[in-house]
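Observations on the three-dimensional arrangement
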Amino acid sequence: MSNAILLAPGPVQLHPEVQKILAEPMIHHRTPEFDLILARVLQNLKFLFQTKNPVFMHTSTGSGGMESALVNVLSRSDEILAIVSGKFGERWADMAETYGAKVHRLQVEWGKAVQVKDVDNLLKQNPKIKIVMTQACETSTGTMHPIEELGKLIATTSALFLVDGITAVGAFPMKMDEWHIDALVAGSQKAVMLPTGLSFVALSEKAWKIAETASTPRFYFDLRKELKANKNGETLFSSPVPLVKALDFILTRIQEIGLEKHFAQLRRRADFTRAMALKMCLSLYSEAPSDSVTAINLPASVDGVKLRAHLEKKYLVTVMGGQDQAKGKIIRIGHMGYILDEDLIAGMENFALALSDLGYEISAARIREESTAWLKAHEV
Ligand SMILES: Cc1ncc(COP(=O)(O)O)c(C=O)c1O
């Protein structure tokens, strides 16, 4: 077995039990055995989404979930306010335009959270806006947006609030019902701690009313049909059985641990990474850092593209670099998935070694010591 460490913001390291489940013999998805698992999973997903409404699974990547949320509530020529603060905000806005929406892009400087008052102003200036969409965490910058406050604002209008929670749901609180989120999306390879291949979507009652009559054509992602199938104890299409079985394990485990403690574990990894970055005399890229991924500014003398590749090739540690305007300037370390303290310590030490190889003055031995001491002092 490889001793490589995967600290990307998805896909993530898998729990050993998940690896075992994925290797089990195949069972058919139309069997009483699978029906029981499916029923439990659909119920437990509500707990993760903090909603009383149904949560749906698609066999797709997270982008499929974003498309599902969108096409189920969109009618051609609808006006949309898209908060664009990085790569994934851009993607959702592009997607909406592809489906014929008129998209107002609220461009937010990379690394900054959106200002609620800017959304408020735009909604007042453009009363025809039917949908506001944002990422909860913009993974390309490691930035969290103020979802609860935005939800409160948008709930006072007739617009729907669509949230891409792909690096949020399961990583930190995302209270769908309480925060007035009208469509929430998650993806399996992030905070749901599974391989890529499942996306999850839930709609509020306000969104369901629109979904009944929204004019965008939809087939694979038609949640009206999926709801009918789920009510009959089935999925509309074939289920990726091993993934759903592994999801059953993850959801049960999170429930056993308790959401609060589970979130505290992620926060600890995020706090650790932020603290160690400062000890390396590095700064954070984001002004509103997320607990699911930390973006660290690299020293001007270090080429981030080279550093990332070197860290992976020589030290077997995979992290992500920056994209577009942040390319070569940052690295992004993920905190989701099955991560042990020894992974955190080795990850940090190797990061320091790689920096040192590229000419940045730093003692990896000191970072190892500081990492070990920090983690000991901050047990959860
Ligand atoms: C916030 C966010 N949205 C969307 C996506 C796209 O997900 P996928 O690559 O699974 O389609 C990602 C993936 O990194 C993401 O982090």
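Residues numbered from 1 in each chain as written. Predicted model: local features only at pLDDT ≥ 70, side-chain atom pairs only at ≥ 80, totals over all residues.

1. Overview of the domain arrangement of the protein chain
On domain assignment, one finds that the protein chain holds domain 1 (5–11 + 258–377) and domain 2 (16–256). One C-alpha centre belongs to domain 1, the other to domain 2; they are set 28 Å apart. Between domain 1 and domain 2, the contact holds 26 residues from the first and 24 residues from the second. Going through the elements one at a time, helix 10 (259–279) and strand 11 (293–297) are the ones with two or more residues in the side of domain 1 that touches domain 2. With four residues, helix 10 is the largest single contributor of residues to the side of domain 1 that touches domain 2. (Domains from an automatic or database assignment. Contact = placed C-beta atoms within 7 Å. Helix = DSSP H or I, 4+ residues; strand = E, 2+ residues; numbered from the N terminus.)

2. Structural notes on the site of the ligand
The full set of residues close to the ligand is G10, T61, G62, S63, F88, Q135, T139, D164, I166, T167, G187 and T196. Along the lines of polarity and charge, the residues of the shell around the ligand split into two nonpolar, nine polar and one charged. (Near = placed C-beta within 6 Å. Nonpolar A, V, L, I, M, F, W, Y, C, P; charged D, E, K, R; others polar.)

3. Focus: the sheet that holds strand 4 (residues 102–107)
Taken in spatial order, the seven strands make up an open sheet running 2-10-9-8-5-3-4, and their pairing is mixed. The sheet is open, and its two edges are formed by strand 2 (55–59) and strand 4, each paired on a single side. Strand-to-strand twist in this sheet, taken as the mean axis angle between neighbours without regard to direction, amounts to 20°. Examined bridge by bridge, strand 8 (residues 160–164) and strand 9 (residues 183–187) share three bridges and lie parallel to one another. For L162, the partnering residue across the bridge sits in strand 9 and is A183. Where helix 6 (residues 147–154) meets the sheet, its contacts fall on strand 5 (129–135) and strand 8, and the angle it forms with strand 8 comes to roughly 160°. (Pairing = 2+ DSSP bridges. Axes fitted to C-alpha atoms, helices over the stretch in contact; angles between N-to-C directions.)

4. Quick notes on the environment of E287
On the secondary structure map, E287 appears in the loop between helix 10 and strand 11. Not counting residues up to four positions away in its chain, the partners in contact with E287 are G111, K112 and A113.

5. With respect to the sheet that holds strand 13 (residues 320–321)
Read from one edge to the other, the open sheet built from three strands follows the order 11-14-13, with strand pairing classed as antiparallel. Looking at which strands have only one partner, the edges of the open sheet turn out to be strand 11 and strand 13. Its contacts with the sheet put helix 11 (residues 304–315) on strand 13 and strand 14 (330–334), and the angle it makes with strand 14 is roughly 40°.

6. What about the nonpolar core?
Inside soluble globular proteins, nonpolar side chains tend to come together where they are buried. Core analysis: the biggest nonpolar cluster contains 121 residues, and V73, A82, A96, I131, A183, L184 and L247 have the highest contact counts within it. No other element matches helix 12 (residues 341–357), which puts eight residues into this core. Both domain 1 (5–11 + 258–377) and domain 2 (16–256) contribute no fewer than three residues apiece to this core. Contacts of I131, omitting those with residues within four sequence positions, involve V73, L74, D78, I80, A159, L160 and L162. (Core = buried A, V, L, I, M, F, W, Y, C linked by C-beta atoms within 7 Å. Buried ≥ 20, exposed ≤ 12 C-beta atoms within 10 Å, placed from the backbone.)

7. Some words on the pairing of strand 4
Here strand 3 (residues 79–84) pairs with strand 4 via six bridges, running parallel. The residue of strand 4 that forms the bridge with V84 is Q107. Assessed by its sense of winding, the connection that carries the chain from strand 3 through helix 4 (residues 87–98) to strand 4 is right-handed. (Right-handed = clockwise from strand over helix to strand, strands pointing away.)

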